[in-house]
Amino acid sequence: QVQLVESGGGLVQAGGSLSLSCAASGRTFSSYAMGWFRQAPGKEREFVAAISRSGGSTYYADSVKGRFTISRDNAKNTVYLQMNSLKPEDTAVYYCAASKKIVVAGVDYWGQGTQVTVSS
């Protein structure tokens, strides 16, 4: 069992930056691929970014490529999402995800979500 707890959400003006963190419980963090998803009001949850177990490979949705950076620290059991040049359309609840395979193929554990609101 893995528990994921996100933090770092909030309100920011367009063009600003926010950094999200996701702390994982347990001693097997490095055995999971990690990712971030988001869900805006009235929309389906969508993939944002993913990172491999070692952190050597990263993947991004086209909508955030060049603006967001995912990283992880396996010694701290934490995955991060640095969000720059934020746009109002980035407003959503952001969820951390852990997968024993690859994130886009299926998520084994979800965090509770953290709200990100970008004002215009």
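As a starting point, this report considers the structure included with it.

Cut-off values and rules
- Residues numbered from 1 in each chain as written.
- Predicted model: local features only at pLDDT ≥ 70, side-chain atom pairs only at ≥ 80, totals over all residues.
- Heavy atoms only, no water.
- Disulfide = S-S within 2.5 Å.
- Helix = DSSP H or I, 4+ residues; strand = E, 2+ residues; numbered from the N terminus.
- Buried < 20%, exposed > 50% of the residue type's maximum accessible area, 1.4 Å probe, protein only.
- Pairing = 2+ DSSP bridges.
- Axes fitted to C-alpha atoms, helices over the stretch in contact; angles between N-to-C directions.

### Some thoughts on the state of the cysteines
Across all of its chains, the model carries one disulfide by this definition. Paired through a disulfide, Cys22 and Cys96 show a sulfur-sulfur distance of 2.1 Å. Between Cys22 and Cys96 the disulfide shows an S-S torsion of about -85°. By sign, it is left-handed. With Cys22 in strand β3 (residues 18–24) and Cys96 in strand β9 (residues 92–99), this pair connects stretches of sequence that are 74 residues apart. For the residue pair Cys22 and Cys96, the accessibility class agrees, reading buried in each case.

### Focus on unusual backbone geometry
Although it is not a glycine, Asn77 sits at a positive phi angle of roughly 55°. Note on placement: Asn77 falls in the loop between β7 (68–73) and β8 (78–83). Accessibility expressed as a relative area gives 17% for Asn77, which makes it buried. Of note in this structure, Ser85 is not a glycine but carries a positive phi near 50°. Looking at where Ser85 falls in the secondary structure, it is placed in the loop between β8 and β9. For Ser85, a relative accessible area of 41% puts it in the partly exposed group.

### Quick look at the sheet that holds β3
Spatial strand order, β1-β3-β8-β7: four strands in an open sheet with antiparallel pairing. Looking at the sheet topology across the chains shown, the edges are occupied by β1 (4–7) and β7. The average undirected angle you get between the axes of adjacent strands in this sheet is 15°. Relative to β8, β3 is paired through six bridges, and the arrangement is antiparallel. Each residue of the ladder has a partner; that of Leu18, found in β8, is Met83.

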